[in-house]
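Coordinates in review
If you want the building blocks of each chain, they are given just below.
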Amino acid sequence: MRISVAADERVGVARELIDELGKRGHEIVPHGALCDTERDDWAWASEAAARDVASGEADQAIVCCWTGTGASIAANKVPGVRAALCADASTAAGARTWNDANVLALSLRSTSSAELREILDAWFTTEPSSSLDDQANIAHLADIERAADA
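Our subject in this report is the structure included herewith. (Residues numbered from 1 in each chain as written. Predicted model: local features only at pLDDT ≥ 70, side-chain atom pairs only at ≥ 80, totals over all residues. Heavy atoms only, no water.)

1. Describing the overall build of the protein chain
Each helix and strand counted, the protein chain has 6 helices and 5 strands in total. Mapped in sequence order, the helices and strands of the protein chain form the string β-α-β-α-β-α-β-α-β-α-α. The C-alpha atoms of the protein chain give a radius of gyration of 14 Å, which matches the 15 Å a tight globule of 150 residues would have. For the C-alpha atoms alone, the extent of the protein chain along its principal axes is close to 40 × 30 × 25 Å. Considering only contacts in the protein chain between residues 6 or more positions apart, those separated by 24 or more positions represent 67%. Of the roughly 7500 Å² that the protein chain leaves accessible, carbon and sulfur atoms contribute 50%. (Helix = DSSP H or I, 4+ residues; strand = E, 2+ residues; numbered from the N terminus. Rg over C-alpha atoms; globule rule 2.2 N^0.38 Å. Contact = heavy atoms within 4.5 Å. Areas by Shrake-Rupley, 256 points an atom, 1.4 Å probe, with all protein chains shown as cover.)

2. Observations concerning the layout of surface pockets
As a volume, the largest pocket reaches approximately 220 Å³. Taken together, 14 residues line the largest pocket, and the ones lying closest to its centre are Asn 76, Val 81, Arg 82, Leu 141 and Glu 145. At the level of elements, β4 (83–85) and α6 (132–149) are the ones that each hand at least two residues to the lining of the largest pocket. No other element matches α6, which puts 6 residues into the lining of the largest pocket. Residues of the lining of the largest pocket, tallied by class, amount to 9 nonpolar, 3 polar and 2 charged. (1 Å grid on protein atoms, 1.4 Å probe; cavity = no way out; pocket = protein on both sides within 12 Å on 5 of 7 lines; lining within 4 Å. Points joined across faces, edges and corners; volume = space filled by probe spheres on them. Nonpolar A, V, L, I, M, F, W, Y, C, P; charged D, E, K, R; others polar.)

3. Brief notes about the pairing of strand β1 (residues 2–7)
Burial analysis of β1 places 5 of its 6 residues in the buried class, which makes it a mostly covered element. Sheet topology places β1 next to strand β2 (residues 27–32); 6 bridges connect them, and they run parallel. By the bridge assignment, Ala 7 is partnered in β2 with Gly 32. With helix α1 (residues 14–23) bridging β1 and its parallel neighbour β2, the resulting β-α-β unit is right-handed. Bridging between β1 and strand β3 (residues 60–65) involves 5 bridges; their strand directions are parallel. Within β3, the residue paired with Ala 6 across the bridge is Val 63. (Buried < 20%, exposed > 50% of the residue type's maximum accessible area, 1.4 Å probe, protein only. Pairing = 2+ DSSP bridges. Right-handed = clockwise from strand over helix to strand, strands pointing away.)

4. Looking at the packing of aromatic side chains
Scanning all chains against the criterion turns up 0 aromatic pairs. Over the ring of Trp 44 we find Arg 39; its NZ or CZ atom is 3.4 Å from the centre of that ring. A cation over an aromatic ring shows up here: Arg 96 above the ring of Trp 123, its NZ or CZ 5.6 Å from the ring centre. (Phe/Tyr/Trp six-rings, centres within 6.5 Å; stacked < 30°, edge-to-face > 60°. Lys NZ or Arg CZ within 6 Å of the ring centre and 35° of its normal.)

5. A closer look at the packing of helix α2 (residues 42–55) against helix α3 (residues 69–76)
The description of two helices packed together rests on the angle between their axes and the distance between the axes. Across the interface, α2 lies against α3 with an axial gap of 8 Å and an inter-helix angle of 50°. Considering the angle they form, α2 stands oblique to α3. Crossing angle aside, the handedness with which α2 passes α3 is right-handed. On α3, the residues that touch Trp 42, Ala 43, Ser 46 and Ala 50 of α2 are Gly 70, Ala 71, Ala 74 and Ala 75. For the contact of α2 with α3, the per-class residue count stands at 6 nonpolar, 2 polar and no charged. (Axes fitted to C-alpha atoms, helices over the stretch in contact; angles between N-to-C directions. Parallel < 35°, antiparallel > 145°, perpendicular 65-115°, else oblique. Left-handed = near helix turned anticlockwise from the far one by under 90°.)

In structure tokens, the structure reads:
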């Protein structure tokens, strides 16, 4: 799987995230502080990773900043992106199941190494729900985006 990864700093689990994704066989597209030629601020880095997902350049993205909040907000501004800030495996699984989240947001400050692996396990092994109610909610998100553009 091709994963765009953005971080505004090379602290916390930023380096470990890259290593872990590589161990799992994913192709990594680095952004922000993980790429020497890009602006490393969280809004720009997270936008770049989210745009990769929206354009089909990447299958999914993982965006990181100190708390993960700014990264998730920036990613969610890109049409077609459903970014979820996840601090544990249960939240990651729920985000994939019920929200068909395509961008994972993480806190560089509070995500431990063990939590990182658990979150990634849940994220990559959980499929979106096939429930008609859940699918209707995801379709409604696209309706909200279209209404905002009108």
